[in-house]
Amino acid sequence: MTGVGAVSFDPFRPPMIGAATWQTVLSGAGWRCECTGRCGKPHRKTEGRCGTVHGAAHRLAAVPADPTVTLTAAVTTAALVALCAGCETATRRAAINAQTAIDPDQLDLFGDQAA
Ligand SMILES: [Zn+2]
Ligand SMILES: [Zn+2]
């Protein structure tokens, strides 16, 4: 009996962090998505912060504050934020776009040279 895998929570992703860490991040966030526009949405209706609250309909995950680092690295540096699925996906996509945008060498990989 290890007990480690017997976690009682199920965020929308396979939890690679401990339940205690997840709970610390989520409770610190007030069980509400911490996105304040990083996903690209202004969240104006909810005062600049995503209004998604953790619950049955929406599950929040503890993800790296910097979407370009791995979750493992984020855990060891304690830079985690609570995000809902929509914001997490959009944030990651935005980060990838930003990375490719600032790296001119990447453009060549897409063969985007107009003839
Ligand atoms: Zn959100
Ligand atoms: Zn958002």
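Going by the structure above, here's the rest.
Residues numbered from 1 in each chain as written. Chains lettered and ligands numbered in written order. Predicted model: local features only at pLDDT ≥ 70, side-chain atom pairs only at ≥ 80, totals over all residues. Heavy atoms only, no water.

Some remarks on the side chain of threonine 91
In this structure, threonine 91 sits in helix α3 (residues 85-102). Setting aside residues no more than four positions away along its own chain, threonine 91 makes contact with Arg38, Cys39, Pro67 and Leu83. (Helix = DSSP H or I, 4+ residues; strand = E, 2+ residues; numbered from the N terminus. Contact = heavy atoms within 4.5 Å.)

Here we look at empty space enclosed by the protein
Counted according to the given criterion, the structure contains 1 cavity of 30 Å³ or more. If you trace the largest cavity, you find it lined by Arg38, Val63, Pro64, Ala65, Pro67, Leu83, Glu88, Thr91 and Arg92. Put simply, the parts of the chain that give the lining of the largest cavity at least two residues each are β1 (60-64) and α3. The greatest single-element share of the lining of the largest cavity, amounting to 3 residues, is contributed by α3. Tallied by class, residues from the lining of the largest cavity come to 5 nonpolar, 1 polar and 3 charged. (1 Å grid on protein atoms, 1.4 Å probe; cavity = no way out; pocket = protein on both sides within 12 Å on 5 of 7 lines; lining within 4 Å. Points joined across faces, edges and corners; volume = space filled by probe spheres on them. Nonpolar A, V, L, I, M, F, W, Y, C, P; charged D, E, K, R; others polar.)

Overview of the pattern of salt bridges
In total, this model carries 1 salt bridge according to the counting rule given. Residue arginine 92 is joined to glutamate 88 by a salt bridge in which the shortest nitrogen-to-oxygen separation is 2.8 Å. Placement of the pair is arginine 92 and glutamate 88 together in helix α3, with a separation of 4 residues, close to one helical turn. (Salt bridge = Lys/Arg side-chain N within 4 Å of Asp/Glu carboxyl O.)

Quick look at the packing of aromatic side chains
Describing an aromatic ring pair means giving the distance of the ring centres and the angle of the ring planes. Following the criterion strictly, the structure yields 1 aromatic pair and no others. Ring geometry for tryptophan 22 versus tryptophan 31: centroids 5.7 Å apart, planes at 70°, classification edge-to-face. (Phe/Tyr/Trp six-rings, centres within 6.5 Å; stacked < 30°, edge-to-face > 60°.)

Some details on the side chain of histidine 43
Here histidine 43 lies in the loop between α1 (19-28) and β1. Beyond its immediate sequence surroundings of up to four residues, histidine 43 is in contact with Cys35, Gly37, Gly48, Arg49, Cys50 and Cys87.

Some words on α1
It helps to recall that an α-helix has 3.6 residues per turn; residues three or four apart then point in one direction. By the burial criterion, the buried members of α1 are Trp22, Val25 and Leu26. For α1, the buried positions fall inside an angular range of 95° around the axis, keeping them on one side. Of the exposed residues in α1, the ones pointing more than 90 degrees away from its buried face are Ala20, Thr24 and Gly28. Along its buried surface, α1 packs onto β1 and β2 (80-84). Glycine 30 lies just past α1 and shows a positive phi near 75°. (Buried < 20%, exposed > 50% of the residue type's maximum accessible area, 1.4 Å probe, protein only. Arc of directions from axis to C-beta.)

Any functional reading would require information beyond the geometric quantities listed.
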